[in-house]
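Here is what each chain is made of, one letter per residue.
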Amino acid sequence: MTPEISVVVPIYNEEAILADSVAELLRGFAGAEFEIILAENGSRDRTRELAAALASEHPQVRTFSCPTPDYGAALRAGIERARGELVVCEEIDLCDRDFHRRALALLRADAAQLVIGSKAMRGAQDRRPLARRAATRVYNRVLRAAFGFTGTDTHGLKAFRRAALLPVVGRCIVGHDVFASELVIRAEREGVRVREIPVELAEKRAPSVQLVRRVPRVLHNLVRLMAAIHLGVGRRGEEP
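Because the structure is predicted, anything quoted here is derived from the model rather than measured.

Definitions and limits used
Residues numbered from 1 in each chain as written. Predicted model: local features only at pLDDT ≥ 70, side-chain atom pairs only at ≥ 80, totals over all residues. Heavy atoms only, no water. Salt bridge = Lys/Arg side-chain N within 4 Å of Asp/Glu carboxyl O. Helix = DSSP H or I, 4+ residues; strand = E, 2+ residues; numbered from the N terminus. Buried < 20%, exposed > 50% of the residue type's maximum accessible area, 1.4 Å probe, protein only. Pairing = 2+ DSSP bridges. Right-handed = clockwise from strand over helix to strand, strands pointing away. Expected span 1.5 Å × (residues − 1). Arc of directions from axis to C-beta.

Enquirer: Before we go on, may I ask you to explain the pattern of salt bridges in this structure?
Expert: A pair can form between side chains of opposite charge whenever their charged atoms are brought close. Applying the stated criterion across every chain yields a total of 13 salt bridges. Arg83 is the salt-bridge partner of Glu35, the closest N and O atoms lying 2.9 Å from each other. Taken together, the positions of Glu35 in strand 2 (residues 34-41) and Arg83 in the loop between helix 3 (71-81) and strand 4 (86-89) put the pair 48 residues apart, joining distant regions of the chain. Its salt-bridge partner being Arg101, residue Asp98 comes within 2.4 Å of it at the nearest N-O pair. A residue pair is termed a helical-turn pair when its members lie 3 or 4 positions apart in one helix, as Asp98 and Arg101 do in helix 4 (residues 97-108) at 3 residues. For Arg101, a relative accessible area of 53% puts it in the exposed group.

Enquirer: I'm lost on the pairing of strand 3 (residues 61-66) in this one. Help?
Expert: A regular strand places its side chains so that they alternate between the two faces of the sheet. Both strand 2 and strand 3 contribute to a ladder of 6 bridges, which runs parallel. Note on strand 3: the bridge partner recorded for Asn41 is Cys66. Handedness of the crossover joining strand 2 and strand 3 through helix 2 (residues 47-57) is recorded here as right-handed.

Enquirer: What am I meant to see in helix 5 (residues 130-147) here?
Expert: Since the α-helix advances by 3.6 residues per turn, residues separated by three or four positions end up pointing in the same direction. Between its terminal C-alpha atoms helix 5 stretches 26 Å, which fits the 26 Å expected from 18 residues at 1.5 Å a residue. Listing the buried residues of helix 5 in full gives Arg132, Thr136, Asn140, Leu143, Ala146 and Phe147. Viewed end-on, helix 5 has its buried residues packed into an arc of 140°, placing them on one side of the element. Seen from the open side of helix 5, the exposed residues pointing more than 90 degrees away from its buried face are Leu130, Ala131, Arg141 and Ala145. Looking one or two residues beyond helix 5, the residue adopting positive phi is Gly148, at roughly 70°.

Following this line, the structure appears as structure tokens:
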């Protein structure tokens, strides 16, 4: 039976929390028609083997692997593989049941086509370290200045109607962390009905990639995205 909901979860070096997080997702969506897509990408630990074992144990779980560590490529491929009418983009260290409930209610009521779980809007509770909270706000200001983005967050929890967002996904050109931002920015610019809701954020583990290591790649991809959106330069698949 085709599921109503597809939960797409990029995973990279997550052997410590993968089984417990998947069990939490299975409990959270119990009673619904759903699938969980584990989008493994370039892990160096036992994440790939554990994901395969979970897929063989639970019929709701599917998995695939990308050859290199690339959050954006994994997320995009997971969305493209999704079969559900509604797609939830989760983070393996969050598994926010309250976001699922509120976002899916908005989509089912046709109150939005894309729901963003914002960790920066009024009412949100962001319990990450100060440096990461500050980076989110600086990054958002850059998106506002460079692209005219009107929201408060682009990276993290999302839920959407697959039919409305799949064409937007096909026009995205960058990978890694900036893919999530490009998806939201393009959706807003193309008239997709976007709604933000506040979330409480408490991570289960430290980030798998350090913030300082991500900055040069993020800046490079933002420049590429500016050229693509404002000048029509660039195409999908050029990511180094």
